[in-house]
Amino acid sequence: MVKEYIAQHQERFLQELFDLLRIPSVSADSKFKTDVRKAAEYVKVKLLEAGATKVELVETKGHPIVFGEKIIDPALPTVLVYGHYDVQPADPLHLWISPAFEPVVKDGKIYARGACDDKGQFYMHIKAFEIMNKQNTLPCNVKFMIEGEEEVGSDNLPIFVKEYKEKLKADIILISDTSLISLEHPSITVGLRGLSYLEVEVTGPNRDLHSGVYGGAVANPINVLAQLIASLHDENGKVNIPGFYDAVVNPTEEEREALNKAPFNLEHYKKDLDIADVKGEKGYTTIERTGIRPTLDVNGIWGGYTGEGAKTVLPSKASAKISMRLVPNQDSATITELFTKHFQAIAPSSVKVKVTPHHGGQPAVTSTTSKAYLAAEKAFEEVWGKKPIPTRDGGSIPIVSLFKKELGLETVLMGFGLDSDAIHSPNEHYGIKNFTIGIETIVAFYKHFAK
Ligand code: BES
Ligand code: MN
Ligand code: MN
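Residues numbered from 1 in each chain as written. Chains lettered and ligands numbered in written order. Predicted model: local features only at pLDDT ≥ 70, side-chain atom pairs only at ≥ 80, totals over all residues. Heavy atoms only, no water.

A. Expanded view of the packing of aromatic side chains. Per the stated rule, a full pass over the model turns up 11 aromatic pairs. A centroid spacing of 5.0 Å and a plane angle of 40° characterise the contact between Phe160 and Tyr164, whose relative ring orientation is tilted. You can call Phe160 buried: its relative accessible area is 3%. Judged by centre distance (5.7 Å) and plane angle (25°), the rings of Phe380 and Phe416 are stacked. You can see Phe380 sitting in helix 10 (residues 371-384) and its partner Phe416 sitting in the loop between strand 18 (411-413) and strand 19 (417-418), a full 36 residues away along the chain. The aromatic ring of Tyr245 is capped on one face by Lys238, whose charged end is 5.9 Å from the ring centroid. Taking NZ or CZ as reference, Lys371 lies 4.6 Å from the ring centre of Phe449, over its face. (Phe/Tyr/Trp six-rings, centres within 6.5 Å; stacked < 30°, edge-to-face > 60°. Buried < 20%, exposed > 50% of the residue type's maximum accessible area, 1.4 Å probe, protein only. Helix = DSSP H or I, 4+ residues; strand = E, 2+ residues; numbered from the N terminus. Lys NZ or Arg CZ within 6 Å of the ring centre and 35° of its normal.)

Structural data, given as structure tokens:
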């Protein structure tokens, strides 16, 4: 019945999603402010059409939060669906095979910014909700909270969550914003890394200098920054910041073994990325390096002359954006502080350094024994004919730990993307199969959860 409904309405479902994907709701760039709101309005309309009885745009200091609900009986359990309608910037634009905000289907995949992260994924929930309403099978209450600032750190969400605890009252949070191992190996994410993101600026002389007249006698901020960054890892790939690993809870041998049992093909992994070898912390597998180990990466670096041709210049400044991915029990604010202290301590006296924290988020581990997790497991068994494998994802969704802390709620991370979907990259895409089977699995989840 559900399968038939999806097949019958698939064309419309996709057209609706495409309309959403056409709205460039880039939260990071104020140029798109009205488009971000347009996306929120669109989500509101679609929630109402799907059967929500009440939907509002909750204003924040930044972009609005779409909150909708359908309460069929206060005595029944309530599922709170979280998602985000904002997307990452589409840059670099010239690397897109087709324009980022003009969705097209190629080889069964939808290509557009946000196709997988997270428009295509949260839209599955609106369509699953429509199906249950149309077929009179909605077995419990549903609330939707779709925000517009996830990609910029969800600064205003904690304020909303703290202020509207009553409104958000639920039994479980359900999120599709993570990935599967593959369509052959379904999985449920049970852990996410935390994040600490900051910017560093190294200043040398008070102005750009001639690199011949002054070169060799005055510290070059780019040279210094490169040295400082290089020193942040030791020869074993460990992060070289005092105290960085202090809070890390090391998983047991059994946990590591279970983690490494997940299907993973290193050759395919390398081939997909066109790299001859992987690189990371010594003594850990690739799955462990992204799942249970903390890391430090430079996300951007700039300074000096980068235009056409050559300019002989010893620049005054150099900067970099740095992210650290955190694992339980590391604390984002503490790590930011440790980094700042260390970076200032190792800077030579020939330069000044400034560290500016951006945003962060705490790591999260979700239950594999909760009623909701077991319901998700059953849903996968029913629709996929296979038991889903619990996995740890390397990305971050900071609100998961916030929901736990503020609302005392567990989350089920039922994502249907693939690591190869190129989220945050040019040519982001999402399989139509992932979209339709995701809808089917979500409907099955409600059935088992409300039993
Ligand atoms: N959906 C991603 C997080 C994700 C991706 C989790 C793949 C697991 C697998 C989310 O939209 C995201 O990009 N989060 C940011 C953090 C945020 C604070 C900017 C991230 O992980 O960089
Ligand atoms: Mn996302
Ligand atoms: Mn994202």
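B. Geometry of the coordination of the manganese ion (ligand 2). Each protein donor to the manganese ion (ligand 2) is listed here as His84 (NE2), Asp117 (OD), Asp177 (OD) and Asp177 (OD); together their distances run 2.0 to 2.4 Å. Here the manganese ion (ligand 2) binds six donor atoms, and the angle range of 57 to 166° at the metal identifies the geometry as irregular. On the primary sequence, the residues serving as donors to the manganese ion (ligand 2) are separated as H-x32-D-x59-D. Between the manganese ion (ligand 2) and the manganese ion (ligand 3), the interatomic distance is 3.6 Å, and Asp117 donates to each metal, bridging them. One end of the pair, His84, is in strand 3 (residues 78-84); the other, Asp117, is in the loop between strand 5 (109-111) and helix 3 (119-134), and 33 residues separate them in sequence. (Donors = N, O, S within 2.8 Å, 3.2 Å for Na, K, Ca; no water. Tetrahedral: all angles 85-135°; square planar, octahedral: opposite > 155°, others 65-115°.)

C. Local environment of the coordination of the manganese ion (ligand 3). Taken together, Asp117 (OD), Glu151 (OE), Glu151 (OE) and His424 (NE2) make up the full set of protein donors to the manganese ion (ligand 3), lying 2.1 to 2.6 Å away. Relative to the metal, the six donor atoms surrounding the manganese ion (ligand 3) lie at angles of 54 to 155°, and the coordination shape comes out irregular. Mapping the donors of the manganese ion (ligand 3) onto the primary sequence gives the spacing D-x33-E-x272-H. In this structure Asp117 comes out as buried when scored by relative accessible area, which is 7%. For His424, a relative accessible area of 39% puts it in the partly exposed group.

D. View of the layout of surface pockets. Quantified by volume, the second largest pocket comes out at close to 380 Å³. For the lining of the second largest pocket, the secondary-structure elements that each account for two or more residues are helix 4 (157-163), strand 10 (194-203), helix 9 (332-346), strand 15 (352-361) and helix 11 (399-407). Of the residues in the lining of the second largest pocket, the class split is seven nonpolar, 11 polar and four charged. (1 Å grid on protein atoms, 1.4 Å probe; cavity = no way out; pocket = protein on both sides within 12 Å on 5 of 7 lines; lining within 4 Å. Points joined across faces, edges and corners; volume = space filled by probe spheres on them. Nonpolar A, V, L, I, M, F, W, Y, C, P; charged D, E, K, R; others polar.)

E. Geometry of the packing of helix 1 (residues 2-21) against helix 2 (residues 33-50). At their nearest, the axes of helix 1 and helix 2 sit 10 Å apart, and the two run at 160° to each other. When the axes of helix 1 and helix 2 are compared, the pair comes out roughly antiparallel. Packed against helix 1, whose contacting residues are Glu16, Asp19 and Leu20, the element helix 2 presents Ala39, Tyr42, Val43 and Lys46 at the interface. Taken together, the residues of the contact of helix 1 with helix 2 sort by class into four nonpolar, no polar and three charged. (Axes fitted to C-alpha atoms, helices over the stretch in contact; angles between N-to-C directions. Parallel < 35°, antiparallel > 145°, perpendicular 65-115°, else oblique. Contact = heavy atoms within 4.5 Å.)

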